[in-house]
Amino acid sequence: MKIFLFRSDEVSIKLVQSVFNRIGKHPGPIEFIWLEAPADEDENLSEHTREKNDYLVHGAPDYNSVKEILTWEVLFERCGKYRHEHGLTKEDVVVLFTDHENTRRFFSAWDPTGDLNFFIRTSDWEIYIESDPSYPIIYELASIPLAIAAFDSMEEAEKWGHQEPRGCVFDYCRKKAEVQLRLRTADICPDCRDLLIRRKPEPALARQIFSTFDSIRSQMLFRTRFQLTKAESVLEIDIPKRKLRFPEMGNLELSLDPRQLTVYLLFLNHPEGILFKNIYKNKEEIRTIYKHLSVTIDLAKIDNVIEAILNPVKNAMNELVSQIRAKMKLTIGAELSENYTILGERGDKFSIKINRDLVKYIND
Ligand SMILES: [Zn+2]
């Protein structure tokens, strides 16, 4: 099943990126496709992509901050337009993300004509939940293939939906407490389970959806409890894949390019912190780390990269540190990233807070 994601202009590109990155990490027959998705950064990043990534990190301009109340017809017409423009088939699913309110005030809905068009509201979630708005959006998105598996139409789905909340994916959810309950349980009730058993969805599809739900639940729990426990998660550093992973936060992960990972590993090696202006003193250490991570064996090329990283005029070090910070924030949010990111006051030593006993290196 292919699910194509489209973002209405007023929706933050960062929000969609965060949703897309997280939903895509559960393997299975559902493929989420976002045509605007930025390519993964690598060493040969073109200037154009670099600009685009900077733009992603620093946030999109607010094209249309005035929110309108749109009818379902208008929203689904837009889905139909995207479907037509991109030559999608009848079996392809189209999902429109929009900040605009809709006349029936639904968080998400299925095109009543029966076409596989859906919209998901991306605004005002903060009124309903206390955490990162990408969670309820991921949840709504993961629920779509389940709804397609369970029902033949929006009409059928509406008839079945539970008016009394059960903490089930097919709860109606009109109030704040109900939205929170549904996210916290991230499950289905026995009636919906029996309905689904009768409809026989592909087991791999069901596994993918429930693995997404489980991951949302554990990430949200970790966050809610964090305010109390202040417990840090283990940080796994997968050297061959160049990934940082948080196993206790639903296995959230982020990729770093070899230059970014070099800088990150350097700061991990120095819990006492490093002064930016003295960074050249760590040149040999930086070279050793980079050589190990880089795909190239051309020593002259490696030296060029090291020189560029250390060049104080180009301010590359600062830029790499902010890129890492932005990726971290995008993955685990601002509050939690404080422990794992490279922080410091201008002119002072920069360091990573995390307790080094919690850092696990994976080398093969
Ligand atoms: Zn149910």
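Residues numbered from 1 in each chain as written. Predicted model: local features only at pLDDT ≥ 70, side-chain atom pairs only at ≥ 80, totals over all residues. Heavy atoms only, no water.

Asks: Residues and numbers for the overall build of the protein, please.
Replies: A count of helices and strands for the protein gives 14 helices and 14 strands. Expected size for 364 residues packed as a compact globule is a radius of gyration near 21 Å; at 23 Å, the protein falls within 12% of this value. Along the longest, intermediate and shortest principal axes, the C-alpha atoms of the protein span 70 × 45 × 40 Å. Taken across its 364 residues, the protein has 51% of its residues classed as buried. Partitioning the intrachain contacts of the protein with sequence separation of at least 6 by distance along the chain shows that 66% fall at a separation of at least 24. Between the mean site of the 51 positive side-chain charges and the mean site of the 58 negative ones, the protein shows a separation of 3 Å. (Helix = DSSP H or I, 4+ residues; strand = E, 2+ residues; numbered from the N terminus. Rg over C-alpha atoms; globule rule 2.2 N^0.38 Å. Buried < 20%, exposed > 50% of the residue type's maximum accessible area, 1.4 Å probe, protein only. Contact = heavy atoms within 4.5 Å. Lys, Arg positive; Asp, Glu negative; His and termini not counted. Charge placed at Lys NZ, Arg CZ, Asp CG, Glu CD.)

Asks: Which residues make up the side chain of Q260, and what are the values?
Replies: Inspection of the secondary structure assignment puts Q260 in helix α10 (residues 258–269). Within polar-contact distance, the side chain of Q260 engages the side chain of Q323 at 2.8 Å. (Polar contact = N/O pair within 3.5 Å; in protein donor to acceptor, adjacent residues only side chain to side chain.)

Asks: Explain the coordination of the zinc ion to me, using residue names and the numbers behind them.
Replies: For the zinc ion, the protein coordination sphere consists of H162 (NE2), C168 (SG), C189 (SG) and C192 (SG), at 2.0 to 2.2 Å. One can describe the site at the zinc ion as tetrahedral: its four donor atoms subtend angles covering 101 to 118° at the metal. The motif formed by the donor residues of the zinc ion, counted along the single chain, is H-x5-C-x20-C-x2-C. Placement of the pair is H162 in the loop between α6 (154–160) and α7 (176–185) and C192 in helix α8 (residues 190–199), with a sequence separation of 30 residues. In this pair, the class of H162 matches that of C192, namely buried. (Donors = N, O, S within 2.8 Å, 3.2 Å for Na, K, Ca; no water. Tetrahedral: all angles 85-135°; square planar, octahedral: opposite > 155°, others 65-115°.)

Asks: Account for the packing of helix α11 (residues 283–293) against helix α12 (residues 299–310), naming residues and giving values.
Replies: Look at α11 against α12: their axes get within 10 Å of each other, and the N-to-C directions meet at 130°. One way to sum up the angle between α11 and α12 is to call them oblique. Crossing geometry of α11 relative to α12 is assigned as right-handed. Facing α11, whose interface residues are K283, I286, R287, Y290 and K291, α12 presents L299, I302, D303, V305, I306, E307 and L310. Considering only residue class, the contact of α11 with α12 consists of seven nonpolar, no polar and five charged. (Axes fitted to C-alpha atoms, helices over the stretch in contact; angles between N-to-C directions. Parallel < 35°, antiparallel > 145°, perpendicular 65-115°, else oblique. Left-handed = near helix turned anticlockwise from the far one by under 90°. Nonpolar A, V, L, I, M, F, W, Y, C, P; charged D, E, K, R; others polar.)

Asks: Outline the sheet that holds strand β14 (residues 359–362), supporting the account with residue identities and numerical values.
Replies: The four strands are arranged β10-β9-β8-β14 in an open sheet whose pairing can be described as mixed. The open sheet has two free edges, formed respectively by β10 (252–255) and β14, since each of these has just one partner strand. On average, each strand axis in the sheet is inclined to that of its neighbour by 20°, with strand direction left out of account. Here four bridges tie strand β8 (residues 235–238) to β14, and the two strands are oriented parallel to one another. Bridge pairing in β14 links I237 to Y361. (Pairing = 2+ DSSP bridges.)

Asks: Which residues make up the domain arrangement of the protein, and what are the values?
Replies: As a measure of interface size, the accessible area lost when the parts come together is often cited. Entries for the protein in the domain assignment read domain 1 (2–227) and domain 2 (235–362). One C-alpha centre belongs to domain 1, the other to domain 2; they are set 32 Å apart. Facing the 19 residues of domain 1 at the interface are 23 residues of domain 2. Summed over both sides, the interface of domain 1 with domain 2 buries roughly 1,800 Å², with 53% coming from carbon and sulfur. Linking domain 1 with domain 2 are zero salt bridges, by the criterion used here. In this assembly, domain 1 and domain 2 are joined by two residue pairs in polar contact (both at pLDDT 80 or more). Contributing elements (two or more residues each) for the side of domain 1 that touches domain 2: α1 (13–23), α2 (47–58) and α9 (203–229). Examining the composition of the side of domain 1 that touches domain 2, we find that seven residues originate from one element, α9, more than from any other. Within the side of domain 1 that touches domain 2, the residues separate by chemical class into three nonpolar, seven polar and nine charged. (Domains from an automatic or database assignment. Buried area = accessible area lost by both parts, 1.4 Å probe. Salt bridge = Lys/Arg side-chain N within 4 Å of Asp/Glu carboxyl O.)

Asks: How would you explain the sheet that holds strand β11 (residues 274–275) if you had to name every residue and give the values?
Replies: Across the sheet, which stays open at both edges, the three strands sit in the order β11-β13-β12 with antiparallel pairing between neighbours. Of all strands in the sheet, those with a lone pairing partner are β11 and β12 (342–343), marking the two edges. As judged from the two bridges shared by β12 and strand β13 (residues 349–352), these two strands associate in the antiparallel manner. Bridging from a neighbouring strand, L343 pairs with S351 of β13. Each of β11, β12 and β13 is contacted by α10, which is oriented at about 95° to β13, the strand it contacts most.

Asks: Tell me about the environment of L235, and name the residues and values.
Replies: Structurally, L235 is set in strand β8. It is 9.9 Å that separates the C-alpha atoms of L235 and M249, two residues lying 14 residues apart in sequence.

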